[in-house]
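Listed below are the residues making up each chain.
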Amino acid sequence: MENLNTAQSFPLPKINLRSHLRALYIAARSGWRRYWRYPLNAASSILEPIAWFTPMFFLGQAFSTNGQTAGFAAYAGTGDFMSFVLLGSILNSYISSVFWGMGYALKVEMDSGVLESNWMSPLPRPLLLVGRSLHSILITTITSVSSVLIAGLLFGFEIISSNLLPAIATVLPMLLGLYGFGFAFAALVLLMRDANTLVDVGSFLVQFFSGAQFPVTVLPRWLLAISMALPLTYGFDAMRYFLLGTFTLLPLRQEIILLLVFMVLMIVFGLWVLKKLDRHVRIKGTIGTH
């Protein structure tokens, strides 16, 4: 596409930190306003998790004695099945928000016919993608807090713990590493021009193999090997250890080191993939097609 390649040859205006922050704010505000333009849809996103948790709660009750599931505790280290699932679902919602916030946002712009013009703006590509995901992260936080409060009223779940801050600090490297994964995922959307299938399949596989709703130790050995190779598994594992006192797959210190390494490697890898595939689609001239 000649116009894109020509635009890249012109000198770009000087960009400073203030303009970067303003671009992030505008992108996040745009997504936030678009989300709340449909109030019923926004309300359903807060109530929907409860609809999913309710059958899980009664399923756990069916196999529990005095509120504890002995068989489950033998694998997980805790008999509190509901808290185990709820914590995993909350953390998994942040994973999904990165998938949808980056990849699907590009697909929406493709369908609207504005991706090409937005992509020509004199801003780094990763900055544009981060801005598109910020409102999704904020909405996920609001939804998660609401779910915890409602679950506390309905199911007696309590997340307040003296280890809450260490748990959050342990999970942060995993969430930052997810942004690197999100960059690579968005690059695949640019290449394949299909976000729905990628998001659905990708989020399901990550949720399954990282143990969002069950301890991965119940998996067959050949599947357990895949779970152990995913750094996200250790983020779930460490968070549950701090808040529920569950068993850990590896010593806690090793899990934290793995999460820190994952954060650095995934950001570097994601930026590299985005740069390569972005150049590829610009040369082919398919960045604005869908």
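Please refer to the structure higher up on the page.
Quick look at the structure, then. (Residues numbered from 1 in each chain as written. Predicted model: local features only at pLDDT ≥ 70, side-chain atom pairs only at ≥ 80, totals over all residues. Heavy atoms only, no water.)

### A short note on the side chain of Thr233
One can find Thr233 in helix H11 (residues 231–244). Judged by relative accessible area, Thr233 falls into the buried class, the value being 1%. Filtering out sequence-adjacent residues up to four positions away, Thr233 remains in contact with Phe209, Ser210, Val216, Ser227 and Leu249. (Helix = DSSP H or I, 4+ residues; strand = E, 2+ residues; numbered from the N terminus. Buried < 20%, exposed > 50% of the residue type's maximum accessible area, 1.4 Å probe, protein only. Contact = heavy atoms within 4.5 Å.)

### Some details on the side chain of Ser210
Among the structural elements, Ser210 can be located in the loop between helix H9 (195–209) and helix H10 (221–229). At a separation of 2.5 Å, a polar atom in the side chain of Ser210 contacts the main-chain carbonyl oxygen of Val206. Setting aside residues no more than four positions away along its own chain, Ser210 makes contact with Val216, Leu230, Leu232, Thr233 and Phe236. (Polar contact = N/O pair within 3.5 Å; in protein donor to acceptor, adjacent residues only side chain to side chain.)

### Brief notes about the nonpolar core
Counting 62 residues, the largest nonpolar core has Leu106, Leu129 and Met174 as the members making the most contacts within it. In this view, Met174 contacts Leu91, Leu232, Gly235, Leu259 and Phe262; residues no more than four positions away in its chain are not counted. (Core = buried A, V, L, I, M, F, W, Y, C linked by side-chain atoms within 4.5 Å.)

### Things to note about helix H12 (residues 252–284)
In an α-helix, one full turn covers 3.6 residues, which means residues spaced three or four apart are oriented alike. With 33 residues, H12 ought to run about 48 Å at 1.5 Å a step, and its terminal C-alpha atoms sit 47 Å apart, in line with that. Within the span of H12, buried status applies to Glu255, Leu259, Phe262, Met263, Met266, Gly270, Val273, Leu274, Leu277, Asp278, Val281 and Arg282. Of the residues one or two after H12, Gly285 is the one with positive phi, at around 75°. (Expected span 1.5 Å × (residues − 1).)

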